[in-house]
Amino acid sequence: MGLLVLAAEVMNTAVEEVVDYISTEIDPRAKRAKDCGSAAVALTALAGGVAWLVILIG
């Protein structure tokens with residue numbers, strides 16, 4: 001599960017780097033793209049935590 005969180009973090013870093021490379025101007029679409037990447041990492045971590053709870057409890 002930790003590997004999936006790491007993979008999500010790597011993808012998020014890639015999105016952030018590409019957005020920063022493409023434009024230095026402030027754009028709401030760039031913010032949304034970065035926020036979506038961060039949300040993907042958070043959801044992956046949450047899913048990992050739920051999976052651990054299921055394993056430990058079940």
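Preceding this paragraph is the structure being described.
This one's a predicted model, so the numbers in the text were calculated from it and none came from an experiment.

Undergrad: What am I meant to see in the pattern of salt bridges here?
TA: Close approach of charged atoms allows side chains of opposite charge to pair. One pass over the full model with this rule turns up three salt bridges. Measuring nitrogen to oxygen at the nearest pair gives 2.6 Å for the salt bridge that ties Asp20 to Lys34. With Asp20 in helix α1 (residues 2-22) and Lys34 in helix α2 (residues 28-57), the pair connects residues that are 14 residues apart, well separated along the chain. As a salt-bridge pair, Asp27 and Arg29 come within 2.8 Å of each other at their nearest N and O atoms. Using a relative accessible area of 24% as the deciding quantity, one classes Asp27 as partly exposed. A relative accessible area of 58% means that Arg29 is categorised as exposed.

Undergrad: Could you clarify how one ought to interpret the side chain of Asn12 in this entry?
TA: Of note, Asn12 is situated in helix α1. Contacts of Asn12, omitting those with residues within four sequence positions, involve Lys34, Gly37, Ser38 and Val41.

Undergrad: Please explain α1 as it appears in this structure.
TA: Each α-helix winds once per 3.6 residues, and so residues spaced three or four apart point in a common direction. Look at α1: 30 Å from first C-alpha to last across 21 residues, which is about the 30 Å you get at 1.5 Å a residue. The complete set of buried residues in α1 reads Ala8, Asn12 and Val19. Down the axis, α1 shows its buried residues gathered within 40° of arc, on one side only. Residues Gly2, Leu3, Leu6, Val10, Glu17 and Tyr21 are exposed on α1 and point more than 90 degrees away from its buried face. Residues of α1 that are buried make contact with α2.

Conventions we followed
The numbers attached to residues start from 1 for each chain and follow its sequence in the written order. For this predicted model, a pLDDT threshold of at least 70 governs which residues receive local features, and a threshold of 80 or more governs which side-chain atom pairs are given and counted, while totals over whole chains, interfaces and linings are taken from all residues. Side-chain metrics in this entry use all non-hydrogen atoms of the structure; hydrogen atoms and water are not considered. In the sections that follow, a salt bridge refers to a side-chain nitrogen of Lys or Arg positioned within 4 Å of a carboxyl oxygen of Asp or Glu. Strands are runs of DSSP state E lasting at least two residues, helices are runs of H or I lasting at least four, and both sets are numbered from the N terminus onward. The buried label goes to any residue with under 20% of its type's maximum accessible area, the exposed label to any with over 50%, and the partly exposed label to all in between, with areas taken from a 1.4 Å probe on protein chains only. Contact between two residues is taken to exist if any of their heavy atoms lie within 4.5 Å; hydrogens are not considered. Working rule for helices: expected span equals 1.5 Å times residues minus one. Note that the arc is defined by the directions from the helix axis to the C-beta atoms.

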